[in-house]
Amino acid sequence: MAQYEWHLCARDAQRTPPGDWLTWLIESGRGWGKTRTGGEWVCERAEEYAGRWIALIAKNPADARDYMIEGPGGILKNTYPTLRPTYEPTKRRLTWPNGSWATIFSSEEPDQLRGFSGDTAWLDEFAKWKNPRECWDNLAFGMREISNDRPRKLITTTPRPLPLLEEIEEDPDTHFYVGTSYENRVNLAPEWFSKTLQKYEGTRLGEQEIHGVRLEDVEGRVYSSFSKKAFPGGNVCDTIEDTGGELFIGMDFNVNPMSAVVAVKAADECHVIDSISIDTSNTEEMAQEISDRYPRRKVIVCPDPSGKARKTSAKVGVTDFTILERAGFTIRAPKAASPVVDRINNSQAMYRQTVQTPDGPMERRRALIHPRAKSLIKALSGLCYKDGTSQPDKGSGFDHPCDAFDYLLWQEFNVLVPVRRPVVRTLRI
Ligand SMILES: Nc1ncnc2c1ncn2[C@@H]1O[C@H](COP(=O)(O)OP(=O)(O)OP(=O)(O)O)[C@@H](O)[C@H]1O
Ligand SMILES: [Mg+2]
């Protein structure tokens, strides 16, 4: 029956791409045929190599069943009866006639994936998942079995502004495709296009849901006033220069990565000329790196205040602060750590603030960052609050460069210093 003849009806973008890719990422509009493509690819992989173990991962078990397995684009509906796998919901398993099998996993339980050991995984509606990073990391450790082909993953999703998706897209081992709903027009009801989609054309939601465009605004971003667009629309500016004067360095003492942000002052603006991130490192190595990159410069370090007492990696009696002082750097830090929320608010105001001028309100961006400070730009764009909390998500690793810059801004560009008001006493009579 024609319905089963995928090799005849699939569009080119739905066919397994050639090449050495490890991840095939499809981000497209609603109804493009993402789920169908995923189901067909999984069957192809199951049939071509007997005994293959496949991971099918959805937001939750109901989505896996309703869309990936039983839905109109799902595996059961579109496989030829004699090749159709047996579905055992209680075992979360599909078994093909040749002995290949798939296990169903839910993003709500990332630890389930720890036991998986295969070479094929299909991740549907990845951008809606509960714990995408934890699942992605756990899956990576399980993609290791030798077969007729290299381990491969397929992600099919409507786009969302998710930092991890951006990272996967930029990975050189990723084959990336963006598609619009219109590509599948012949297979869907004409009224859906002419009536429903028409209403969303020209809107931001339409860009995402019809045209598969990933919008820039990440939901729940900690530094929402920072924009990686070019100045003056954003904070990234390739014309700022190292003016050769004092260097101001924000530093976080976490050892993996050890993070520093290098800036110069320009009137009341902070110009970041560099960011340094060293994996599994320590304060001595960071001090050496700074001296190597900027020899014979006056360096003022504004670090995490807790480094005064902390001995990250050092010998007895030596603290992070003494290591920096021995390297010839001056340290400026408050006596005690300030509340995280205050530091974030201060940085937010440096990234974008509305100020009153004689000509009316004006937007100012006082923290400008050179594009070479890649690790900082990536971290500021990607750091989000942990789901349902007001705590920045530390699992992403983005918090360290951001913290380093927060310390510097808090120390040298504190726009939140409270204004002293005269004390008014109320006399009780
Ligand atoms: N090349 C094709 N030929 C015939 N039918 C197709 C083709 N591609 C997809 N379809 C059909 O189009 C319908 C929509 O596909 P599917 O459910 O896979 O879209 P989707 O992109 O996953 O949608 P959603 O965004 O809602 O999850 C399904 O019935 C599917 O079988
Ligand atoms: Mg789908």
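Residues numbered from 1 in each chain as written. Chains lettered and ligands numbered in written order. Predicted model: local features only at pLDDT ≥ 70, side-chain atom pairs only at ≥ 80, totals over all residues.

Visitor: I'm lost on the overall build of the chain in this one. Help?
Guide: A tally of helices and strands in the chain yields 13 helices and 16 strands. Projected onto the principal axes, the alpha-carbon positions of the chain cover approximately 85 × 55 × 55 Å. Classification of the 429 residues of the chain by burial places 37% in the buried group. Taking the intrachain contacts of the chain between residues at least 6 apart in sequence as the baseline, contacts between residues at least 24 apart amount to 70%. (Helix = DSSP H or I, 4+ residues; strand = E, 2+ residues; numbered from the N terminus. Buried ≥ 20, exposed ≤ 12 C-beta atoms within 10 Å, placed from the backbone. Contact = placed C-beta atoms within 7 Å.)

Visitor: What should I look at first to understand the sheet that holds strand S7 (residues 152–157) in this one?
Guide: Where strands meet in a sheet, backbone hydrogen bonds hold them as pairs that are either parallel or antiparallel. Within the open sheet, the eight strands sit side by side as S3-S4-S5-S2-S6-S7-S1-S8. Their pairing is mixed. Taken across any chain shown, the strands that pair with only one partner, and hence form the sheet edges, are strand S3 (86–88) and strand S8 (174–179). On average, adjacent strands in this sheet sit at an angle of 15 degrees to one another, irrespective of strand direction. Relative to strand S6 (residues 120–124), strand S2 (residues 53–58) is paired through four bridges, and the arrangement is parallel. (Pairing = 2+ DSSP bridges. Axes fitted to C-alpha atoms, helices over the stretch in contact; angles between N-to-C directions.)

Visitor: Looking at this structure, I do not really get the site of ligand 1. What am I missing?
Guide: The environment of ligand 1 is formed by 17 residues, the closest being Gly 33, Lys 34, Thr 35, Arg 36 and Gly 73. The element contributing the most residues to the shell around ligand 1 is helix H2 (residues 34–48), with three residues. A breakdown of the residues in the shell around ligand 1 according to their chemical character gives five nonpolar, eight polar and four charged. (Near = placed C-beta within 6 Å. Nonpolar A, V, L, I, M, F, W, Y, C, P; charged D, E, K, R; others polar.)

Visitor: When you look at the sheet that holds strand S12 (residues 299–303) in this model, what are you seeing that I'm missing?
Guide: A sheet is described by the order of its strands in space; here six strands give the open sequence S13-S12-S9-S10-S11-S16, paired in mixed fashion. Since the sheet does not close on itself, it has two edges, and those belong to strand S13 (330–331) and strand S16 (367–369), each with one partner. Both S12 and S13 contribute to a ladder of two bridges, which runs parallel. Bridging from a neighbouring strand, Ile 300 pairs with Thr 330 of S13.

Visitor: Got a minute to help me understand the domain arrangement of the chain in this structure?
Guide: Where interface size is given, it is often the accessible area lost as the parts come together that is meant. When its domains are assigned, the chain resolves into domain 1 (2–209) and domain 2 (247–425). Between the C-alpha centres of domain 1 and domain 2 the distance comes to 41 Å. (Domains from an automatic or database assignment.)

Visitor: Quick question: what am I supposed to make of helix H9 (residues 283–293) here?
Guide: In an α-helix there are 3.6 residues to a turn, and that puts residues three or four apart on one side. Three or more residues of H9 are buried, namely Thr 283, Met 286, Ala 287 and Ile 290. Around the axis of H9, the buried residues are gathered within 100 degrees of arc, so they sit on the same side. Exposed and facing more than 90 degrees away from the buried side of H9 are Gln 288 and Asp 292. Those residues of H9 hidden inside the fold are in contact with strand S9 (247–252), strand S10 (258–266), strand S11 (269–278), S12 and helix H10 (320–326). (Arc of directions from axis to C-beta.)

Visitor: Can you help me understand the nonpolar core in this one?
Guide: A general trend in soluble globular proteins is that nonpolar side chains are found buried together. By size, the foremost hydrophobic cluster in this structure holds 48 residues, and its most contacted members are Ile 249, Ala 260, Val 261, Leu 376 and Leu 408. Sort the elements by how many residues they give to this core and helix H13 (residues 399–412) lands first, with seven residues. What Ile 249 contacts, discounting residues up to four positions off in sequence, is Ala 260, Val 261, Val 262, Ile 290, Val 299, Val 301, Cys 302 and Leu 408. With 37 residues, the next largest nonpolar core counts Trp 24, Ile 75, Leu 94 and Phe 116 among its residues. (Core = buried A, V, L, I, M, F, W, Y, C linked by C-beta atoms within 7 Å.)

Visitor: Is there a simple way to explain the pairing of S6 in this structure?
Guide: Residues in a regular strand point their side chains to alternate faces of the sheet. Counting buried positions along S6 yields five of five residues, so the element is predominantly enclosed. Neither face of S6 is left uncovered, since the one carrying Thr 120, Trp 122 and Asp 124 and the one carrying Ala 121 and Leu 123 both have all their residues buried.

Visitor: What's the story with helix H11 (residues 340–351) in this structure? I'm lost.
Guide: If you check H11, its first and last C-alpha atoms are 17 Å apart, about what twelve residues at 1.5 Å a residue would give, namely 16 Å. Along H11, the residues that are buried comprise Arg 343, Ser 347, Ala 349, Met 350 and Tyr 351. (Expected span 1.5 Å × (residues − 1).)

Visitor: I keep staring at the environment of His 211 and nothing clicks. Help me out?
Guide: Mapped onto the fold, His 211 is located in the loop between helix H8 (204–209) and S9. C-alpha of His 211 to C-alpha of Thr 158: the two residues are 53 residues apart in sequence and 9.4 Å apart in space.

Visitor: Can you help me understand the environment of Thr 203 in this one?
Guide: The residue Thr 203 is located in the loop between helix H7 (190–200) and H8 in this model. Classification of Thr 203 by C-beta neighbours within 10 Å gives exposed; the count is 11. Put simply, Thr 203 and Val 261 are 58 residues apart on the chain and 38 Å apart in space, counted from C-alpha to C-alpha.

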